[in-house]
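Working through the structure, step by step
Residue-level listing of the chains:
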Amino acid sequence: MTTRSLSRIPFDPREERVLSGLARWMGLLGRFQIVAAVFVFVVLLGVTGLVTTAEVIEPASNASTEQPLVSIGEVSRTAVAVVVAVVVGFSLIFLRGGMLLISGAEDLEHVVQSHDLGQHHLEEALGRLRRYFVLESLFMAAVAAATYAATIAGWGT
Amino acid sequence: MADERGEARSEAENPGEEEGKRPSGLPPAESTARRVANAGPRERLRPPRRRSEPPGDEDDAGPKAGSDPKDDAEPKADADPRDGAGPDGPAPARPPGLGANLTTSARLRLQLALDHDEDDEDDDEDDRAAANGEGRAATVPSAPKRPTGLKHVTTSARHRLQLALDEDIDELEAIRPPRLPEASRLSRRDVGHIPFDEEGQKVVRSLSRWVAFCGLLTLTVGALTGLSYVTGPGSVAHVVVGILACALSVWLLAAAFSFHRVLRDRRQQHHLVNGLGLLRSALLLKAILLFSGMVLGCFTFSIGAALLFLL
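What counts and how
Residues numbered from 1 in each chain as written. Chains lettered and ligands numbered in written order. Predicted model: local features only at pLDDT ≥ 70, side-chain atom pairs only at ≥ 80, totals over all residues. Helix = DSSP H or I, 4+ residues; strand = E, 2+ residues; numbered from the N terminus. Buried ≥ 20, exposed ≤ 12 C-beta atoms within 10 Å, placed from the backbone. Contact = placed C-beta atoms within 7 Å. Axes fitted to C-alpha atoms, helices over the stretch in contact; angles between N-to-C directions. Parallel < 35°, antiparallel > 145°, perpendicular 65-115°, else oblique. Left-handed = near helix turned anticlockwise from the far one by under 90°. Nonpolar A, V, L, I, M, F, W, Y, C, P; charged D, E, K, R; others polar. Core = buried A, V, L, I, M, F, W, Y, C linked by C-beta atoms within 7 Å. Expected span 1.5 Å × (residues − 1). pLDDT = per-residue confidence, 0-100.

**A few points about the overall build of chain B**
Helix and strand counts for chain B come out as 14 helices and zero strands. Scanning chain B from its N terminus toward the C terminus, one meets helices and strands in the order α-α-α-α-α-α-α-α-α-α-α-α-α-α. The buried share among the 311 residues of chain B stands at 24%. Within chain B, contacts between residues separated by at least 24 positions form 71% of all contacts whose residues are at least 6 apart in sequence.

Set out below in structure tokens:
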């Protein structure tokens, strides 16, 4: 930290309102992302537990010769593992993005409320925003690539 | 003369104590003569009387009989706890300060005098040596040539004044006119300039690029999603999502452009706050979309789970 970054930036009230609003919505979006990531992770865990339980008890219920009502086709274990890994990775990226947003929001609140080290906190907040957008860009690129592969190129069919 | 009588009476009552307490090491008679000689300059250093003070306090402002010469240098005459600390009471460990009874001009004159007196330390020593040789009457100047200065104040009194000034630094700051804030001291040309260092400039530049990249990706995804309604497989929901994604991408691209101008324009603060405001709009829309998605996801998951258990 250099000595020049210890200065206080004189924001006027309108700019302080903009920064406060950005901090508020950043914190809200970060909390939503964390909740969504945890929700997806819990759902994935639940589905995995159900499938595992069904496979364990499948020999006992295999005696019935009735046809299943819903047939979702042939799904290999490898495909299921890949989907689970991708979903876990996405949820972790989502979680990390939410944490970065919350930290950046706290830094911006420091910029508005404190009377010293304003520029240091501002640079910290901008750095966390940059990391968040790096993660989001990679996330969106991955989603776009997967969507393109699944729909347009017909991969996996 | 009253001071001399009071001093003589005080010394008669406590002869050993007075001599033992003199840090300057001068004999009591010489100290008394110097104190009498300094009565004129000390009067000038005394703060002007306030209107709120009662007229009967005039005697309190002057040197008191029976008091220590160190107390004479204290400008605060009344309501001073050390006034009663003569031979009967114990002397306080630290001086209580000059307090609010000293006006700003008197305080500044005292400070100037102390600063000025630092330069005359050597001259003072010479004068003292000359006075010892020629007699005590030579130490009494007829009229001070210099308007201010504590040349003839004893060393202990000078030290106590210096301590009192140092102790009163908070009150001195309160008396002084308030300093202008940092923003108003900046020149008009520097208003809106944020002195980013090398690391800060790199962060802003990188943030601008990544926000622009994210905006372009969002625009591409939104356009493809919206156009899927035209090409066939899409629905109205795809169009809505495409429009929202395009709006999000517009805000992100505008924010990236503002961040880009932060490093290229003189009004850095304006562009930075503008970019952050655009980013706030984008994050607000994303928060709403995410919340809606979570609600729809929970609803779909609950309906799906209910149908699964029912079937």
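**Examining the overall build of chain A**
If you tally the helices and strands in chain A, you get four helices and zero strands. Start at the N end of chain A and walk to the C end: the helices and strands fall as α-α-α-α. Within chain A, the fraction of its 157 residues that count as buried is 29%. Looking at chain A alone, contacts between residues at least 24 apart form 83% of all its contacts between residues at least 6 apart.

**Topic: the packing of helix 13 (residues 236-262) of chain B against helix 14 (residues 268-310) of chain B**
Residues and elements named next belong to chain B. Taken N-terminus to C-terminus, the directions of helix 13 and helix 14 make an angle of 160 degrees; their axes are 8 Å apart at the nearest point. Our classification of the angle between helix 13 and helix 14 gives roughly antiparallel. Judged by the sense of rotation from one axis to the other, the crossing of helix 13 with helix 14 is left-handed. Facing helix 13, whose interface residues are Leu244, Ala247, Leu248, Trp251, Leu252, Ala254, Ala255, Ser258, Phe259, Arg261 and Val262, helix 14 presents Gln268, His271, Leu272, Asn274, Gly275, Leu278, Leu279, Ser281, Ala282, Leu285, Lys286 and Leu289. Looking at the contact of helix 13 with helix 14 residue by residue, the classes come out as 15 nonpolar, six polar and two charged.

**As for the interface of chain B and chain A**
Counting from both sides, the interface comprises 32 residues of chain B and, opposite them, 35 residues of chain A. Those elements that place two or more of their residues in the side of chain B that touches chain A are helix 11 (182-185), helix 12 (198-231) and helix 14 of chain B. Among the elements that make up the side of chain B that touches chain A, the one with the highest residue count is helix 14 of chain B (14 residues). Tallied by class, residues from the side of chain B that touches chain A come to 23 nonpolar, five polar and four charged.

**What to know about the nonpolar core**
Within the largest apolar cluster, 48 residues are counted, with the highest numbers of intra-cluster contacts made by A:Leu22, B:Leu207, B:Val211 and B:Ala255. Put simply, the parts of the chain that give this core at least two residues each are helix 1 (13-56), helix 3 (77-113) and helix 4 (118-152) of chain A together with helix 12, helix 13 and helix 14 of chain B. Discounting chain neighbours no more than four positions away, the residues touching B:Val211 are A:Phe133, B:Leu252, B:Ala255, B:Ala256 and B:Phe259. Core analysis: the second largest hydrophobic core is formed by five residues, B:Ala113, B:Ala157, B:Leu161 and B:Ala164 among them.

**Remarks on helix 13 of chain B**
Helical geometry note: an α-helix holds 3.6 residues per turn, so side chains three or four residues apart project in the same direction. Residues and elements named next belong to chain B. The end-to-end C-alpha distance of helix 13, which contains 27 residues, comes to 40 Å, matching closely the 39 Å that a straight helix rising 1.5 Å per residue would cover. Those residues of helix 13 that fall on the buried side of the exposure criterion are Gly242, Ala245, Leu248, Ser249, Trp251, Leu252, Ala254, Ala255, Ala256, Ser258, Phe259 and Val262. On its buried face, helix 13 is in contact with helix 12 and helix 14.

**Thoughts on the confidence of the model for chain A**
Model confidence for chain A is summarised by a mean pLDDT of 79, while 76% of its residues fall at 70 or above. Note that residues 1-5 of chain A has pLDDT below 50 and, in this model, nine contacts with residues that lie over four places away or in other chains.

**Examining the environment of A:Phe41**
Along the polypeptide, A:Phe41 turns up in helix 1. Sequence separation between A:Phe41 and A:Ser91 is 50 residues, and the spatial gap between their C-alpha atoms is 6.5 Å.

**Side note on the environment of B:Val250**
All names here are of chain B. By the element assignment, Val250 lies in helix 13. Val250 gets classed as partly exposed once you count the C-beta atoms within 10 Å, which come to 17. Separated by 38 residues in the primary sequence, Val250 and Ala212 place their C-alpha atoms 9.7 Å from one another.

**Here we look at the packing of helix 12 of chain B against helix 13 of chain B**
Residues and elements named next belong to chain B. At a closest axis distance of 7 Å, the pairing of helix 12 and helix 13 adopts a crossing angle of 160 degrees. Taken together, the axes of helix 12 and helix 13 lie roughly antiparallel to each other. The crossing of helix 12 and helix 13 is left-handed.

**Topic: the environment of B:Ala254**
Residues and elements named next belong to chain B. One can find Ala254 in helix 13. Judged by local crowding, Ala254 falls into the buried class, with 20 C-beta atoms found within 10 Å. Along the sequence, Ala254 and Asn274 sit 20 residues apart, while their C-alpha atoms lie 9.2 Å from each other.

**Examining the confidence of the model for chain B**
Residue and element names in this part refer to chain B. When pLDDT is averaged along chain B, the result is 67, and 46% of the positions lie at 70 or above. Helix 13 holds the highest mean pLDDT among the elements of chain B, 90, whereas helix 5 (residues 58-61) holds the lowest, 44. Counted against residues more than four places away or in other chains, residues 1-21, with its pLDDT under 50, gives 23 contacts. For residues 134-141, every residue scores under 50 in pLDDT, and the model assigns this stretch 12 contacts once sequence neighbours within four places are set aside. Quick note on the complex model: pTM equals 0.55, ipTM equals 0.80.

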